[in-house]
Amino acid sequence: MYDAKQLAVMIKMMAEQLAAQRLREPLVVGIHTGGAWLAERLRSCLGIRAALGSLDISFYRDDFSRAGLNPEVKASNLPLAVDNRDLILVDDVLHTGRTIRAALNEIFSYGRPERVCLAVLIERPGRELPIQADVVGKALPLAEHQQAKFSNTDGNLALDIMDTKTGNRAAVGGRL
Amino acid sequence: MKPLDQLQFDANGKLKHFLTLSGLPKETLLGILDTAESFVSFGKREIKKIPLLRGKTIVNLFFEPSTRTRTTFEIAGKRLSADVINLNAARISTSKGETILDTVRTLQAMHTDLFVVRDSASGAAHLIAAHLPAHVRVINAGDGRHAHPTQAMLDMFTIRRSKGGFEGLTVAIIGDLLHSRVARSQIHALSALGVGEIRVVGPRTLIPTEIEAMGVTATGDLRAGLRGADVVIVLRLQRERMDGQLVPSEQEYFNRYGLTEEKLQHAKPDAMVMHPGPINRGLEISSAVADGERSVILQQVTNGIAVRMSIMATIMGGVEPRP
């Protein structure tokens, strides 16, 4: 488990790597919900004035005809025009890559960004699409039955590794 | 055929058709309104489409004329990336003697995924839903005097956007309740969503006697009906459905029940005025009220797109695969 303090260090390091990407007046866009929490922290670390963007990719998922619509779908909001703009796309966990594929599709229905830079807190194995992050907080070698769970309790961020077979917290190799 | 209010659910209790609001719980209605809220912003995007129903085929099967309902269903389907086919069925097959089910089966043979049906016979959409394969969906776009559930949902959406919620609201529905499928669906929705009071107002000849069993109060006095109302819904006087002497004269109807600025004074100062359209100016509503600042009639039309998108998305997801 990573607590708020450890995560703050990770997020600060991510912000430094993002600063090195030399983006021009980027718009920070978080994927609902974990990505949006992280995006808010990164935006404040980077001192970006522009309002935060948020995406709920439910309408762009590739499993709609199988799984149906998420009943708690929220409206996406990109406060600035994305045409010719640099974007920092933020999510909590990069796993199969399908969420990022859906997010990119949604972004392009708003316009044609100059560049999209992907920042994720946790990168884990299990990619099903050719997608990789530009900035990673931590690469965790999770097994298939393990899940990284990002939570926000009254502004306190935490990351737990859960075993989906037992429902318990799991120990993972690799320290912060 | 299964009982009407069970036909629209699958074995897991998930909504699969949208035929009537009768029996739909509050949570289902609120879910549809919430999802519609997230569709509102799509009209302002550079690309107004989302890929949810890409590859699906929707047939708008209208056995009765319609402009706004058919058009907003068409736009809703297209914004969800479906292929939409409009059939003014009143003019085609049925005039050649084909039955409604034969028409539907023919269209089904062309791999339709969703039928949006309007017919002058009550129960038409149910009949069609009961005779289609499990993966095909049906939306009732108005059947006879029975129901017009998508219209009622867009009205609920418009009320919630304007009033913030439903609790404690006094709603007056005025006019031709007898022929109005819209009013029946509205009463189901308003009751489920828990408004304070529902009043129906009109001449005795146009108020069905059984309507008070739906939990509404009926009155023939427009001023009493309007007193303290937050929401005023004016119904269309359905001249094309009047086969007897239900209204003495149009002038007398307007004098007694037509909504004018003077009569509207009896409602709350911030009362909103709604009408499902198309309006008969100078019959059930004066032009000054219809075009006035309290009227939300055009917002109702706009909201119809987002609400119909939401209903399509709600019933089209998680469909069992084609055989």
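What counts, and where the lines are drawn
- Residues numbered from 1 in each chain as written.
- Chains lettered and ligands numbered in written order.
- Predicted model: local features only at pLDDT ≥ 70, side-chain atom pairs only at ≥ 80, totals over all residues.
- Heavy atoms only, no water.
- Helix = DSSP H or I, 4+ residues; strand = E, 2+ residues; numbered from the N terminus.
- Rg over C-alpha atoms; globule rule 2.2 N^0.38 Å.
- Buried < 20%, exposed > 50% of the residue type's maximum accessible area, 1.4 Å probe, protein only.
- Areas by Shrake-Rupley, 256 points an atom, 1.4 Å probe, with all protein chains shown as cover.
- Contact = heavy atoms within 4.5 Å.
- Buried area = accessible area lost by both parts, 1.4 Å probe.
- Salt bridge = Lys/Arg side-chain N within 4 Å of Asp/Glu carboxyl O.
- Polar contact = N/O pair within 3.5 Å; in protein donor to acceptor, adjacent residues only side chain to side chain.
- Nonpolar A, V, L, I, M, F, W, Y, C, P; charged D, E, K, R; others polar.
- Pairing = 2+ DSSP bridges.
- Axes fitted to C-alpha atoms, helices over the stretch in contact; angles between N-to-C directions.
- Core = buried A, V, L, I, M, F, W, Y, C linked by side-chain atoms within 4.5 Å.
- Domains from an automatic or database assignment.
- Parallel < 35°, antiparallel > 145°, perpendicular 65-115°, else oblique.
- Left-handed = near helix turned anticlockwise from the far one by under 90°.
- Arc of directions from axis to C-beta.
- Phe/Tyr/Trp six-rings, centres within 6.5 Å; stacked < 30°, edge-to-face > 60°.
- Lys NZ or Arg CZ within 6 Å of the ring centre and 35° of its normal.

## Some thoughts on the overall build of chain B
Across its full length, chain B holds twelve helices and nine strands. Radius of gyration (C-alpha) of chain B: 19 Å, near the 20 Å computed for a compact globule of 323 residues. Expressed along its principal axes, the backbone C-alpha trace of chain B runs to roughly 60 × 45 × 35 Å. For chain B, the proportion of its 323 residues judged to be buried stands at 56%. Carbon together with sulfur atoms contributes 51% to the accessible area of chain B, which is approximately 13200 Å² in total.

## Notes on the interface of chain B and chain A
The partner chain A presents 18 residues to the 19 residues of chain B that form the contact. It is Ser38, Arg45 and Leu52 of chain B in chain B that bury the most area against chain A; as a group they hold 36% of the surface buried on that side. For the pair chain B and chain A, the interface holds zero salt bridges. Between the two partners, chain B and chain A, sit one residue pair in polar contact (both at pLDDT 80 or more). Elements represented by at least two residues in the side of chain B that touches chain A include exactly α2 (26–40) and α12 (297–316) of chain B. Considering every element that reaches the side of chain B that touches chain A, the biggest residue donor is α2 of chain B, with three residues. Among the residues forming the side of chain B that touches chain A, the class breakdown is ten nonpolar, five polar and four charged.

## Some points on the sheet that holds strand β1 (residues 57–62) of chain B
Neighbouring strands of a sheet are bound in pairs by backbone hydrogen bonds; such pairs are parallel or else antiparallel. All names here are of chain B. Within the open sheet, the four strands sit side by side as β2-β1-β3-β4. Their pairing is parallel. Since the sheet does not close on itself, it has two edges, and those belong to β2 (83–88) and β4 (137–143), each with one partner. Taking the axes of each pair of neighbouring strands and ignoring which way they run, one obtains an average angle of 15° across the sheet. Where strand β3 (residues 114–119) and β4 come together, five bridges link them in parallel fashion. Along β4, the bridge assignment pairs Val117 with Asn140.

## Here we look at the pairing of β1 of chain B
Residues and elements named next belong to chain B. For β1, the buried fraction is high: six of the six residues fall into the buried class. Covered by surrounding structure in β1 are Thr57, Val59 and Leu61 together with Ile58, Asn60 and Phe62, the residues of both alternating faces. Where β1 meets β2, six bridges bridge the pair, whose relative direction is parallel. Paired with Thr57 across the bridge in β2 is Asp83. In the sheet, β1 pairs with β3 via five bridges, with the strands oriented parallel. Residue pairing in the sheet places Asn60 in a bridge with Val116 of β3.

## Points about the sheet that holds strand β8 (residues 231–234) of chain B
Residues and elements named next belong to chain B. One open sheet holds the five strands; their spatial order is β7-β6-β5-β8-β9, and the pairing between them is parallel. Strand pairing shows two members of the sheet lacking a second neighbour, β7 (217–219) and β9 (272–274), which therefore form its edges. Between one strand axis and the next, the sheet turns by 20° as a mean value, whatever way the strands run. Bridge count for β8 against β9 is three bridges, and the pairing is parallel. By the bridge assignment for β9, Val231 is matched with Met272. Taken strand by strand, helix α6 (residues 149–163) contacts β8 and β9, and its axis lies near 165° from that of β9. Its contacts with the sheet put helix α7 (residues 181–193) on β5 (170–174), β6 (197–201) and β8, and the angle it makes with β5 is roughly 170°.

## Section: the nonpolar core
Among soluble globular proteins, nonpolar side chains are generally buried collectively. Residue and element names in this part refer to chain B. The biggest cluster of nonpolar side chains holds 86 residues, and the ones touching the most others in it are Ile173 and Met312. Among the elements that line this core, the one with the most residues is α12, at nine residues. Two domains each put at least three residues into this core: domain 1 (4–147 + 302–316) and domain 2 (149–296).

## Some details on the packing of helix α3 (residues 68–79) of chain B against α12 of chain B
All names here are of chain B. Two elements in contact, α3 and α12, have axes separated by 8 Å at closest approach and are oriented at 55°. Between α3 and α12, the interaxial angle falls into the category oblique. Crossing of α3 against α12: the hand is right-handed. Taking contact as the criterion, the partners of Arg68, Thr69, Thr72, Phe73, Ile75, Ala76, Gly77 and Arg79 in α3 are, on α12, Val301, Gly304, Ile305, Arg308, Met309 and Met312.

## Things to note about helix α4 (residues 100–108) of chain B
Residues and elements named next belong to chain B. Every buried residue belonging to α4 is among Ile100, Leu101, Thr103, Val104, Leu107 and Gln108, and all of these are buried. The buried residues of α4 occupy an angular sector of 160° when the element is viewed end-on, so they sit on one face. Looking at the buried side of α4, the elements it contacts are β1, β2, β3 and α5 (124–130).

## Quick word on the packing of aromatic side chains
Any two aromatic rings considered together are summarised by their centre-to-centre distance and by the angle between their planes. Using the criterion set out here, one finds three aromatic pairs over all chains in the structure. Note on Phe59 of chain A and Phe39 of chain B: the rings are 4.3 Å apart at their centroids and 20° apart in plane angle, and the pair reads as stacked. Here Phe59 of chain A, found in the loop between β2 (53–55) and α3 (64–67), pairs with Phe39 of chain B, found in helix α2, and the two come from separate chains. By relative accessible area, Phe59 of chain A is classed as buried at 3%. Over the face of the ring belonging to Phe254 of chain B we find Lys263 of chain B, whose NZ or CZ atom lies 5.7 Å from the ring centre.

## Structural notes on the domain arrangement of chain B
Residue and element names in this part refer to chain B. The domain architecture assigned to chain B consists of domain 1 (4–147 + 302–316) and domain 2 (149–296). Spacing between the C-alpha centres of domain 1 and domain 2 amounts to 25 Å. Counting residues at the interface gives 33 residues for domain 1 and 26 residues for domain 2. The contact between domain 1 and domain 2 buries some 2500 Å² in all, and 61% of this surface belongs to carbon and sulfur atoms.

## Topic: the pattern of salt bridges
Residue and element names in this part refer to chain B. Following the criterion strictly, the structure yields 19 salt bridges over all chains and no others. Ionic pairing is found between Asp34 and Arg160, a salt bridge with its closest N-O pair at 3.0 Å. Residue Asp34 is found in helix α2, and its partner Arg160 is found in helix α6; the two are separated by 126 residues along the sequence. The partner of Arg181 in a salt bridge is Glu64, and the shortest N-O contact between them spans 3.0 Å. Of this pair, Arg181 sits in helix α7 while Glu64 sits in the loop between β1 and α3, placing them 117 residues apart in sequence. Each of Asp34, Glu37, Arg160 and Arg161 takes part in salt bridges that share partners, so that together they form one network.

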